[in-house]
Amino acid sequence: MDIHEYQAKEVLSGFGVTVPDGALAYSPEQAAYRASELGGERWVVKAQVHAGGRGKAGGVKVCKTDTEIYEACENMFGMKLVTHQTGPEGKGVYRVYVETAVLIANEIYLGFVLDRTTQRVMIVASAEGGMEIEEISADKPDSIVRAVVEPAVGLREFQCRQIAFKLGVEAALVPQMVRTMKGCYRAFTELDATMVEINPLVITEDHRVIALDAKMTFDDNALFRHPQIAELRDKSQEDPRESRAADRGLNYVGLDGNIGCIVNGAGLAMATMDTIKLAGGEPANFLDIGGGATPERVAKAFRLVLSDKKVQAILVNIFAGINRCDWVAEGVVQALKEVEVDVPVIVRLAGTNVEQGQKILARSGLPIIRAATLQEAAERAVGAWKNDLAQGVNMRAAL
Ligand code: GDP
Ligand code: MN
């Protein structure tokens, strides 16, 4: 789960990371008022969306007057901010953050990620802050400093000092750098984050180390033990299909194609998507309904897949190991009776009790297209969609 910049700053400041003074606003009037409360002469108005690259996309504006703040907000509120991280549809701006502007002497990149190779938290830093890390690795790969944290002892001060020196930070500021890094690391581990990124971490003209931007991502599977983080979820920033799936406890990732997938097992779901592509189609989603696919769960899955209006055929691919094909078949039949399905449904069953499963599907009287192998299922799904069978299929009409 991602959170907003202003939320990440609040979280990190609780761990000793210095952030600029700022205030949240839901309207241009409120933004101007909150800037007057903050005081000072220059402010930065920042669109709050779950994506970076806002600066280049017009989502960050330095303002010197009330009027400028008002105008900056008028442009931001309600817009779909399109940055290189949002995709072409952009992300809606419903909140802006107003901060006291700081005078920047230097911009540093500081990131904490989970490194799969070493299975450790890795610190990635560069003196070329301000640019995205992808750009830094393409343009200035030699500027990148990496350090791996040994989990048994945690992040050591000497490691922080080493990084600070490699970044060329002057000696007097090293203690502030150490405090920032240790704070980020503690926040990362104590809150089960999967990513903490401060870009830029700035050194100000008056020699302070300040996190000017902040991004945090959390492990969804650990949110249950961090209710204060779970509360920060903002559904307006999520793919609505994925929010619905998360609310129903289903493992779903929305894609751009039109063949909906209902599969048990993540590996099989990946293989199903590959096979659809091989057959010349495009999957509309990844969906793993899990091992114990009860009829209720199968029905939920059908509703979820169909809530994506692009879906023109549904491929159900079940390999029953722990599960049983007859149960799944009953689930599919029950789901098709409960949910209004108006696209062709292709079912491939394999594994335990497959014959009984096939019989249940055949006896149901529903126009289910059956397939013996995954390849056949994918070809039939693509065929059904291409032959425009998608028009006018009504599962319940057959009952
Ligand atoms: P991002 O583009 O979404 O990553 O948003 P950032 O919060 O990183 O802001 C983009 C850029 O705006 C930063 O790299 C800074 O150069 C600039 N910026 C943000 N806040 C300030 C500020 O307080 N003072 C100055 N001078 N520049 C700022
Ligand atoms: Mn940034």
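Predicted model only: the values in this text are computed from it and were never measured.

**Structural notes on the overall build of the chain**
Part 1 of the argument: The number of helices and strands found in the chain is 14 helices and 18 strands.
Part 2 of the argument: Dimensions of the chain, computed from the C-alpha atoms along their principal axes, are close to 80 × 50 × 40 Å.
Part 3 of the argument: Classification of the 399 residues of the chain by burial places 51% in the buried group.
Part 4 of the argument: Considering only contacts in the chain between residues 6 or more positions apart, those separated by 24 or more positions represent 68%.
Part 5 of the argument: For the chain, the computed accessible surface area is about 18,500 Å², with 50% contributed by carbon and sulfur atoms.
Part 6 of the argument: A distance of 5 Å separates the average location of the 44 positive side-chain charges in the chain from that of its 53 negative side-chain charges.

**A closer look at the environment of V328**
Part 1 of the argument: Position of V328 relative to the elements: it lies in helix α12 (residues 325-338).
Part 2 of the argument: Each residue touching V328, except ones within four places of it in the same chain, is listed here: I318, N323 and L349.

**Some details on the coordination of the manganese ion (ligand 2)**
Part 1 of the argument: Around the manganese ion (ligand 2), the protein contributes the donor atoms N199 (O) and D213 (OD), which lie 2.1 to 2.2 Å from the metal centre. Residue N199 is found in strand β10 (residues 193-204), and its partner D213 is found in the loop between β11 (209-211) and β12 (215-218); the two are separated by 14 residues along the sequence. A single burial state applies to N199 and to D213, both of which are buried.

**Observations regarding the site of ligand 1**
Part 1 of the argument: Close to ligand 1 lie 15 residues; K46, R54, G55, V102 and E107 are nearest.
Part 2 of the argument: Between an oxygen atom of ligand 1 and a side-chain N or O atom of K46, the distance comes to 2.5 Å.
Part 3 of the argument: Note that an oxygen atom of ligand 1 is positioned 2.9 Å from one of the side-chain N or O atoms of E107.
Part 4 of the argument: When ligand 1 is considered free in solution it has 560 Å² of accessible area, and contact with the protein chains removes 82% of it.
Part 5 of the argument: Here the shell around ligand 1 is composed, by residue class, of seven nonpolar, four polar and four charged.
Part 6 of the argument: Mapping the shell around ligand 1 onto the domain boundaries places at least three of its residues in each of domain 1 (1-19 + 103-238) and domain 2 (21-101).

**Focus: unusual backbone geometry**
A negative phi angle characterises most non-glycine residues, just as the trans form characterises most peptide bonds.
Part 1 of the argument: That bond from N199 to P200 is cis: its omega, 5°, falls within 30 degrees of zero.
Part 2 of the argument: Of note, P200 is situated in strand β10.
Part 3 of the argument: You will see that Q119, though not glycine, has its phi angle at about 55°, which is positive.
Part 4 of the argument: Phi is positive for H207, close to 65°, though the residue is something other than glycine.
Part 5 of the argument: On the secondary structure map, H207 appears in the loop between β10 and β11.

**Here's the deal with the side chain of K46**
Part 1 of the argument: Tracing the chain through its elements places K46 in strand β2 (residues 43-47).
Part 2 of the argument: Classification of K46 as buried rests on a relative accessible area of 6%.
Part 3 of the argument: At a separation of 2.6 Å, a polar atom in the side chain of K46 contacts the side chain of E5.
Part 4 of the argument: Beyond its immediate chain neighbours, meaning those up to four positions away, K46 contacts E5, K9, R54, G59, V60, M76, R95, V96, Y97, E99, L212 and D213.

**Structural notes on the pattern of salt bridges**
Part 1 of the argument: Using the criterion set out here, one finds 23 salt bridges in the structure.
Part 2 of the argument: Look at the salt bridges and you will find they share partners, linking E5, K9, K46, R54, E99 and D213 into a network.

The rules behind these values
- Residues numbered from 1 in each chain as written.
- Chains lettered and ligands numbered in written order.
- Predicted model: local features only at pLDDT ≥ 70, side-chain atom pairs only at ≥ 80, totals over all residues.
- Heavy atoms only, no water.
- Helix = DSSP H or I, 4+ residues; strand = E, 2+ residues; numbered from the N terminus.
- Buried < 20%, exposed > 50% of the residue type's maximum accessible area, 1.4 Å probe, protein only.
- Contact = heavy atoms within 4.5 Å.
- Areas by Shrake-Rupley, 256 points an atom, 1.4 Å probe, with all protein chains shown as cover.
- Lys, Arg positive; Asp, Glu negative; His and termini not counted.
- Charge placed at Lys NZ, Arg CZ, Asp CG, Glu CD.
- Donors = N, O, S within 2.8 Å, 3.2 Å for Na, K, Ca; no water.
- Near = heavy atom within 4 Å.
- Polar contact = N/O pair within 3.5 Å; in protein donor to acceptor, adjacent residues only side chain to side chain.
- Nonpolar A, V, L, I, M, F, W, Y, C, P; charged D, E, K, R; others polar.
- Domains from an automatic or database assignment.
- Salt bridge = Lys/Arg side-chain N within 4 Å of Asp/Glu carboxyl O.

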